[in-house]
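The chain contents come next:
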Amino acid sequence: GATSKRPISAASAPANDDGPFAAKDIALVLKIAAATSYVFSPLPSIEREAATLKEAIGWPRPGEPVLGMHIRRGDASMSDVGSGMIPNSRRTSFPLSAYLAAADSVCKGAGIRTIYIATESADDIRRARTELRGYTLLTLDHDRTLFPIIDQERSIDKVALANPARARALAKSAILDLCLFRDCSAFVG
């Protein structure tokens, strides 16, 4: 038979069907789901390292909400010049003040007192600690000298290809940040 070019939804599935997949396709769907879960799950060693790092930085006990905040300052962004949105050839960047205002608003609305910050910028971390005094701020102690230098090294891909050891450290820092974001109650980015 002919295949439809529109997505299948519960509303468009035949009434006698068990859902968006035909019964004959369930085994394939489950195999794809299992493979996806495997590929996108951190190794046990990374999970252990993330747990150790959470303890080392003073992550709150389970049940206490944490706001995750990713301040993008990498190769596709520009440094924070202080006010307004910062145009870039690849994306629009926001000043630190916009991130901090959003974080403060979310935290006040949700009763959150702890903020986990992931960023390439050591300067933004220092400034956030000064400007968000009413909150507990957590961050991993990545070697931020490994991140591409804003406005000098424009492509993280080229940096990684030129230096595989640096690429491995960059990837690991991103994976660890994602592991900690997974345990946050809210997100600003």
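That block above? That's the structure.
What counts as what
Residues numbered from 1 in each chain as written. Predicted model: local features only at pLDDT ≥ 70, side-chain atom pairs only at ≥ 80, totals over all residues. Heavy atoms only, no water. Helix = DSSP H or I, 4+ residues; strand = E, 2+ residues; numbered from the N terminus. Buried < 20%, exposed > 50% of the residue type's maximum accessible area, 1.4 Å probe, protein only. Areas by Shrake-Rupley, 256 points an atom, 1.4 Å probe, with all protein chains shown as cover. Core = buried A, V, L, I, M, F, W, Y, C linked by side-chain atoms within 4.5 Å. Arc of directions from axis to C-beta. Contact = heavy atoms within 4.5 Å. Pairing = 2+ DSSP bridges. Axes fitted to C-alpha atoms, helices over the stretch in contact; angles between N-to-C directions. Right-handed = clockwise from strand over helix to strand, strands pointing away.

Peer 1: Give me the overall build of the protein: which residues, what numbers.
Peer 2: Per the secondary structure count, the protein includes six helices and four strands. Looking at the 189 residues of the protein, the share that counts as buried comes to 33%. Just so you have it, the protein exposes about 11,900 Å², and 59% of that area is on carbon and sulfur atoms.

Peer 1: Hey, could you go over the environment of Met69 for me, with residue numbers and the actual values?
Peer 2: Relative to the helices and strands, Met69 resides in strand E1 (residues 66–71). The exposure class assigned to Met69 is buried, which follows from its relative accessible area of 0%. For the pair Met69 and Ile115, spaced 46 residues apart in the sequence, the C-alpha separation amounts to 7.0 Å.

Peer 1: Please give an account of the nonpolar core that cites residues and values.
Peer 2: Counting residues in each nonpolar core, the largest one holds 18 residues, and the members touching the most others are Leu67, Met69, Ile115, Ile117 and Leu137. Broken down by secondary-structure element, the contributors of at least two residues to this core are E1, helix H3 (96–110), strand E2 (114–119), helix H4 (122–131) and strand E4 (186–188). Ranked by size, the runner-up nonpolar core spans 13 residues in total, among them Trp59, Val66, Ala118 and Leu176.

Peer 1: Requested: an account of H4, with residues and values cited.
Peer 2: Turning to H4, its buried residues number three or more, namely Asp124, Ile125 and Ala128. In a view along the axis of H4, the buried residues occupy a sector of 100°, so they form one face of it. If you follow the buried residues of H4, they end up packed against E1, H3, E2 and strand E3 (136–138).

Peer 1: Tell me about the sheet that holds E4, residues and numbers included.
Peer 2: Taken together, four strands build an open sheet; the order of strands is E3-E2-E1-E4 and the sheet is parallel. Edge positions in the open sheet fall to E3 and E4, since each of these has one partner strand only. For this sheet the average axis-to-axis angle between neighbouring strands, irrespective of direction, equals 25°. Bridge count for E1 against E4 is three bridges, and the pairing is parallel. Bridge assignment links Gly68 to a residue of E4, and that residue is Phe187.

Peer 1: Any details on the pairing of E1? Residues and values, ideally.
Peer 2: Remember that side chains alternate between the two faces of the sheet whenever the strand is regular. In terms of burial, E1 is largely enclosed, as five of its six residues are buried. Relative to E2, E1 runs parallel, the two sharing six bridges. When the bridges of E2 are listed, His70 appears paired with Ala118.

Peer 1: Quick rundown of the pairing of E2? Include the residues and the values.
Peer 2: Most of E2 is tucked away: six of the six residues are buried. Burial of E2 is two-sided: the residues Thr114, Tyr116 and Ala118 facing one way and the residues Ile115, Ile117 and Thr119 facing the other way are all buried. Relative to E3, E2 runs parallel, the two being bridged by three bridges. The partner of Ile115 across the bridge, within E3, is Leu137. Read from E2 through H4 to E3, the crossover connection turns out right-handed.

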